[in-house]
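Commentary on secondary and tertiary structure
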Amino acid sequence: MAQPTKTPTPAPAGRAAAKKELSEHFKQYKHVWVFIEQERGHVHPVSWELMGSGRKLADKLGVDLAAVLIGAPGEALNAAVAESFCYGADLAYVCADPVLQDYRNEPYSKALTDMVNTYKPEVLLLGASTLGRDLAGAVATTLLTGLTADCTELEVDTDGSLAATRPTFGGSLLCTIYTLNFRPQMATVRPRVMPMPDRVEKPIARVIEHTLGMVEADIVTKILAFVPDRDKATSNLAFADVVVSGGLGLGSLENFQLVKQLASVLGAEYGCSRPLVQKGWVAADRQIGQTGKTIRPKLYIAAGISGAIQHRVGVDGADLIVAINTDKNAPIFDFAHLALVTDAIRLLPALTEAFRKRLSPHTRDRIAS
Ligand SMILES: Cc1cc2nc3c(=O)[nH]c(=O)nc-3n(C[C@H](O)[C@H](O)[C@H](O)COP(=O)(O)OP(=O)(O)OC[C@H]3O[C@@H](n4cnc5c(N)ncnc54)[C@H](O)[C@@H]3O)c2cc1C
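Just so it is clear, the structure is predicted and the values come from calculations on it, not from any experiment.

The rules behind the values
- Residues numbered from 1 in each chain as written.
- Predicted model: local features only at pLDDT ≥ 70, side-chain atom pairs only at ≥ 80, totals over all residues.
- Heavy atoms only, no water.
- Domains from an automatic or database assignment.
- Contact = heavy atoms within 4.5 Å.
- Buried area = accessible area lost by both parts, 1.4 Å probe.
- Salt bridge = Lys/Arg side-chain N within 4 Å of Asp/Glu carboxyl O.
- Pairing = 2+ DSSP bridges.
- Helix = DSSP H or I, 4+ residues; strand = E, 2+ residues; numbered from the N terminus.
- Axes fitted to C-alpha atoms, helices over the stretch in contact; angles between N-to-C directions.
- Phe/Tyr/Trp six-rings, centres within 6.5 Å; stacked < 30°, edge-to-face > 60°.
- Buried < 20%, exposed > 50% of the residue type's maximum accessible area, 1.4 Å probe, protein only.
- Lys NZ or Arg CZ within 6 Å of the ring centre and 35° of its normal.
- Parallel < 35°, antiparallel > 145°, perpendicular 65-115°, else oblique.
- Left-handed = near helix turned anticlockwise from the far one by under 90°.
- Nonpolar A, V, L, I, M, F, W, Y, C, P; charged D, E, K, R; others polar.
- UniProt positions renumbered as here; feature names shortened; annotations may be inferred.

The next point concerns the domain arrangement of the protein. When the domains of the protein are assigned, the result is domain 1 (24–218) and domain 2 (232–359). Here domain 1 and domain 2 have C-alpha centroids that lie 33 Å from each other. Counting residues at the interface gives 11 residues for domain 1, matched by 12 residues for domain 2. At the boundary of domain 1 with domain 2, total buried surface from both sides reaches about 980 Å², with 50% on carbon and sulfur atoms. Joining domain 1 to domain 2, the criterion identifies zero salt bridges.

Structure below.
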């Protein structure tokens, strides 16, 4: 008699197929860490933004949130440690050594890698700044773990894994990436992508000091002098409360002055879409979007901008988006709060004039501050 053939169990699809049991070694990894980037007494604001995200992740996981600080011993580092508690740290890991005065990849990577290997965090977040990107890549490579760069969303999955979402395929899709089998789960986030958490006055709590174990003679890179970059972007675009921005619909460099004039009357910063930078009309540090700046103003006025996804990801955090476009079907109207279907070249001067008459210099200063 013929035996019934056994139907093979179908293999689990997608993520379930990739998921393996975390090794015993990695199960010891606990707590969420945020790298606090500070240089020459200045903490990069993205670090505090990440403390807000880190707090949410730590609360969901039921673990501590730790700030990690690396730098030369002194007042600036102490102040940054104290400040990290005001932004929600339960404890701080500090590696202080004179060779860490200025950022160099070698000693900073060693410090952070050694701290991870010693204290074993399950999540490690860094700002996607120039320094943060350089450091994160080196540390992830040394630790042989996964790093998701330029995330726009961080969540804890049902099984406790970090779900790190970022744009992909030129920004046309969002993908969620998991580091399933290795620890820590690392992610970088660009400035202004996450909201700034409230600062609450708190005393310094637990501080764990870590020794670098490296001397100047061990470091190949030498700092001969510090020369400030005179051409460094001076715009405050990323942190402005009001931003007026122009796109290709304005048609010419001359018409782009209308954007600058309205911004000036409002005490606002001005920005643009990418094609205007490519045409050489506007400096690159004024570009808003996926490959430009991310902004979170209270008011964003976009004139002659279609609202492509690569632009949208840079302005999604704005409280109020006012779009001026001649095409009522322009994609920007899918996410703008106020749609003005009209010619920006005619409306912008009228708005400038109206605000000039109605806003006193005092009000303008208040908007700008
Ligand atoms: C990998 C990658 C990264 C990118 N990164 C960025 C980025 O960071 N930032 C960014 O902005 N783009 C970025 N882009 C480009 C993006 O895809 C779009 O091409 C770009 O945003 C379009 O710019 P725009 O809206 O100014 O021009 P267009 O798409 O040409 O839109 C012009 C708009 O103006 C309207 N218009 C025309 N005349 C007037 C008028 N008189 N008054 C009012 N409205 C008018 C039109 O109806 C149209 O909607 C990126 C693209 C890629 C592939």
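With that settled, the discussion passes to the sheet that holds strand E8 (residues 153–156). If you walk across this open sheet you meet the three strands as E8-E9-E10, and the pairing is antiparallel. Strands with a single pairing partner mark the edges of an open sheet, and in this sheet they are E8 and strand E10 (173–177). Averaged over neighbouring strand pairs, the angle between their axes works out to 25° when direction is ignored. Examined bridge by bridge, E8 and strand E9 (residues 162–168) share four bridges and lie antiparallel to one another. Its bridge partner being in E9, Val156 is matched across the sheet by Leu162. Sheet contacts for helix H3 (residues 45–61): E8 and E9; angle to E8, the most-contacted strand, approximately 15°.

Scanning all chains against the criterion turns up seven aromatic pairs. Note on Phe26 and Tyr29: the rings are 5.4 Å apart at their centroids and 65° apart in plane angle, and the pair reads as edge-to-face. Note on Phe26: relative accessible area 14%, which makes it buried. The residue whose ring lies beneath Arg40 is Phe226, and the NZ or CZ to ring-centre distance is 3.6 Å. The ring of Tyr270 carries Arg286 above its face, with NZ or CZ at 3.9 Å from the centroid.

Moving on to the packing of helix H7 (residues 253–266) against helix H10 (residues 344–358). Relative to each other, H7 and H10 sit at 20°, their axes nearing to 9 Å. In terms of orientation, H7 lies roughly parallel with respect to H10. Between H7 and H10 lies a crossing of left-handed hand. On the side of H7, the interface is formed by Asn255, Leu258, Val259, Gln261, Leu262, Val265 and Leu266, while H10 contributes Ile345, Leu348, Pro349, Leu351, Thr352, Phe355 and Arg356. Counted by class, the contact of H7 with H10 contains 10 nonpolar, three polar and one charged residues.

Attention now goes to the UniProt feature "domain: Electron transfer flavoprotein alpha/beta-subunit N-terminal" (unreviewed entry) in the protein. UniProt feature "domain: Electron transfer flavoprotein alpha/beta-subunit N-terminal" (unreviewed entry): in the numbering of this structure it lies at residues 32–223. As annotated, residues 32–223 comprises 30% helix and 30% strand, and the C-alpha atoms at either end are separated by 32 Å.

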